[in-house]
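Now for the letters of each chain:
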Amino acid sequence: RKDLALVLVALSNACQKLSRRLAAAPLRSADSFGAAGGVNATGDSQKKLDLVANDLMREALAGCGAVRYYCSEEEDGVVELSSGGRFVVVCDPLDGSRNIECNIPTGTIFGVYRCTDAPRDQQALQPGNQQVAAGYANYSSATSFVVAVAGGGAAVELDLTPSGDEEFRMASTLACPTRGQIYSLNDARFGDWPEGLQRYITDLRSGGGQTGKQYSARYVCSLVTDFHRTLHYGGWCGNPRPHLRLVYEANPLAFVAAACGGVGSDGQESVLSKQPRALHERTCLFLGSRDDIAELESYGDVQQGAAEYAV
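Quick notes on the rules
Residues numbered from 1 in each chain as written. Predicted model: local features only at pLDDT ≥ 70, side-chain atom pairs only at ≥ 80, totals over all residues. Heavy atoms only, no water. Helix = DSSP H or I, 4+ residues; strand = E, 2+ residues; numbered from the N terminus. Rg over C-alpha atoms; globule rule 2.2 N^0.38 Å. Buried < 20%, exposed > 50% of the residue type's maximum accessible area, 1.4 Å probe, protein only. Contact = heavy atoms within 4.5 Å. Areas by Shrake-Rupley, 256 points an atom, 1.4 Å probe, with all protein chains shown as cover. Lys, Arg positive; Asp, Glu negative; His and termini not counted. Charge placed at Lys NZ, Arg CZ, Asp CG, Glu CD. Core = buried A, V, L, I, M, F, W, Y, C linked by side-chain atoms within 4.5 Å. Pairing = 2+ DSSP bridges. Axes fitted to C-alpha atoms, helices over the stretch in contact; angles between N-to-C directions. Parallel < 35°, antiparallel > 145°, perpendicular 65-115°, else oblique. Left-handed = near helix turned anticlockwise from the far one by under 90°. Salt bridge = Lys/Arg side-chain N within 4 Å of Asp/Glu carboxyl O. Polar contact = N/O pair within 3.5 Å; in protein donor to acceptor, adjacent residues only side chain to side chain. Nonpolar A, V, L, I, M, F, W, Y, C, P; charged D, E, K, R; others polar.

A. Up close: the overall build of the chain. Of the regular secondary structure elements, the chain holds six helices and 15 strands. Over its C-alpha trace the chain gives a radius of gyration of 19 Å, about what one expects of a compact globule, namely 19 Å for 311 residues. Its C-alpha atoms give the chain principal-axis dimensions of roughly 55 × 45 × 40 Å. Out of the 311 residues belonging to the chain, those deemed buried represent 54%. Across the chain, the fraction of contacts at a sequence separation of at least 24, relative to all contacts at a separation of at least 6, is 64%. Looking at the chain as shown, the accessible area adds up to about 12600 Å², and 48% of this sits on carbon and sulfur atoms. Side chains of the chain give 28 positive and 36 negative charges; the mean places of these two sets differ by 2 Å.

Rendered as C-alpha cells:
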C-alpha cells in the first residue's frame, strides 16, 4: 500500500499543478491556448495544454519511483519510467481540452494496475477490473480529486483547490444514487442513433420510462465533468458511439462508478470485463446509476456505429 500511496500522491500533486496552470492560462494565452501542431496516436489534434498536462503527469510519476510504465492518450506507446517500479499508470492528462479556450471545466483521468509478466507493450492491456486504483480530477470553480482503491470502499473526493496552506482537504465519500433524473449525451446526434436508443431517450423525455418521470438533459461535453455531476445527482452520462478510449477513459471511470455503487457499460456488458486489444482502442460508454443503466440496456440496440463529426 505504501508504493500505491506514492503513486496517488504524485498524481494529486500533478493535478494541483495543472489546476494552477489552467487558472493562469488566460494570462499565458500564447503558450496555453491553441493547437500544438501535432496529432496524438488516434489522430486527434493536440492542444498546447494537452502536452503540458502530459508532461506534468509523466514527470510526477517518474519522480515517485513507484511507476514502471506510463501510458497516455498523448503518447504513442508505453513509456518506461522507473525500472524498479511495481505499477502501470494509464492516463488521459487533459480530458475536454477542446473546451479550454472558453473556460468550460476540464479534467484528468487515471487508472493504476500492477505490473505483470507480459511484454512492455502489453502491460496496460489488462481488463479494467484488474485496476488497483483509479480516479480523476475535475478542474472547475474548485478542483476536485476523486480516487477509488480496490477493496477500499467508496471513492473519496478531495479538494485540491490551491490555497495558502497547500493542504488537501477531504470533501466527502461518494455514493452514486441508484436512480437519477438526468441523462447526458449529445442530443444533436439523435437521427444517427439506433432505434433502441431513440426509443429509450424518447421515453425518458416524455416520462414513459420505468420511473414514469420526465428526465432532463445536461451535457457539458467534458466527460469528467458530466461524470462528476452524475455521481452526485444520479442518472447517466456517456457516448453511444465507439469514441471514448477503453484504457484511458472508460475503464478508470467505470472503476470509480463501481466503487460508488454505479455501473460502467458499453450498452451490452460491463466495460470492466472487456479485454483491451490495443492501447488506443475505443468503445461505446454509459456511466451512472445502476437502475438507469439496466433500463437503458433493456432497450437492446443502443450502440451507434463508428462516425466522425466536424464539431
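Text resumes after the structure shown.
B. Fine view of the nonpolar core. Counting residues in each nonpolar core, the largest one holds 36 residues, and the members touching the most others are Val-7, Met-57, Val-112 and Phe-145. For this core, the secondary-structure elements that each account for two or more residues are helix H1 (2-24), helix H2 (48-64), strand S3 (67-72), strand S5 (87-95), strand S6 (106-114), strand S7 (133-139) and strand S8 (143-149). For this core, the element with the most residues is H1, which contributes nine residues. Once residues lying within four places of it in the same chain are set aside, the contact partners of Val-7 are Leu-61, Cys-64, Ala-66, Val-67, Phe-87, Val-89 and Val-112. Cys-237, Ala-254, Val-271 and Leu-287 belong to the second-largest nonpolar core, a separate cluster that totals 26 residues.

C. Summary view of the pairing of S7. In terms of burial, S7 is a largely internal element, seven of the seven residues being buried. Examined bridge by bridge, S6 and S7 share seven bridges and lie antiparallel to one another. Counted as the bridge partner of Thr-106 is Tyr-139 from S7. Hairpin connection, S7 to S8: the antiparallel pair is bridged by three residues.

D. Representation of unusual backbone geometry. Not every positive phi belongs to a glycine, and Cys-221 is a case in point at roughly 75°. With respect to the helices, strands and loops of the structure, Cys-221 is situated in the loop between strand S12 (216-217) and helix H4 (223-233).

E. Looking closely at the packing of H1 against H2. The contact between H1 and H2 brings their axes to 9 Å, and the two run at 150°. Viewed along their axes, H1 and H2 adopt a mutual orientation that is roughly antiparallel. Along this stretch, H1 crosses H2, giving a crossing that reads as right-handed. On H2, the residues touching Leu-6, Val-7, Ala-10, Leu-11, Ala-14, Cys-15, Lys-17, Leu-18, Arg-21 and Leu-22 of H1 are Leu-49, Val-52, Ala-53, Leu-56, Met-57, Ala-60, Leu-61 and Cys-64.

F. Representation of the pattern of salt bridges. Considering all chains together, one arrives at 13 salt bridges under this definition. A salt bridge links Glu-80 to Arg-68; its shortest N-O distance comes to 3.2 Å. Here Glu-80 is found in strand S4 (residues 79-80), whereas its partner Arg-68 is found in strand S3, with twelve residues between them in sequence. Sharing partners across several salt bridges, the network here consists of Asp-55, Arg-58 and Glu-75.

G. Representation of the environment of Arg-114. The topology assignment puts Arg-114 in strand S6. Expressed as a C-alpha distance, the spacing of Arg-114 and Val-132, which sit 18 residues apart in the sequence, is 7.1 Å. Those residues in contact with Arg-114 that lie beyond four places of it in its chain are Arg-86, Phe-87, Val-88, Gln-126 and Val-132.

H. Geometry of the pairing of S3. Across the six residues of S3, five count as buried, placing the element largely inside the fold. Of the strand pairs in this sheet, S3 and S4 are connected by two bridges, and their pairing is antiparallel. Within S4, the residue paired with Tyr-69 across the bridge is Glu-80. A loop of six residues connects S3 with S4, the two strands running antiparallel in sequence.

I. Structural context of the side chain of Arg-189. Residue placement: Arg-189 occurs in the loop between strand S11 (182-184) and helix H3 (195-206). In this structure Arg-189 is buried but unpaired, with Asp-192 as the nearest side chain of opposite charge at 5.6 Å. A distance of 2.7 Å separates the side chain of Arg-189 from the backbone oxygen of Val-311, its partner in a polar contact. Dropping the residues within four chain positions of it, Arg-189 is found in contact with Tyr-309 and Val-311.

J. The arrangement of the packing of H4 against helix H5 (residues 246-259) in detail. At a minimum axis separation of 12 Å, H4 and H5 run at an interaxial angle of 15°. Judged on the interaxial angle alone, H5 and H4 are roughly parallel. Between H4 and H5 lies a crossing whose hand is right-handed. Contacts between H4 and H5 involve Leu-223, Phe-227 and Leu-231 from the former and Glu-249, Leu-253, Val-256 and Ala-257 from the latter. Class assignment for the residues of the contact of H4 with H5 results in six nonpolar, no polar and one charged.

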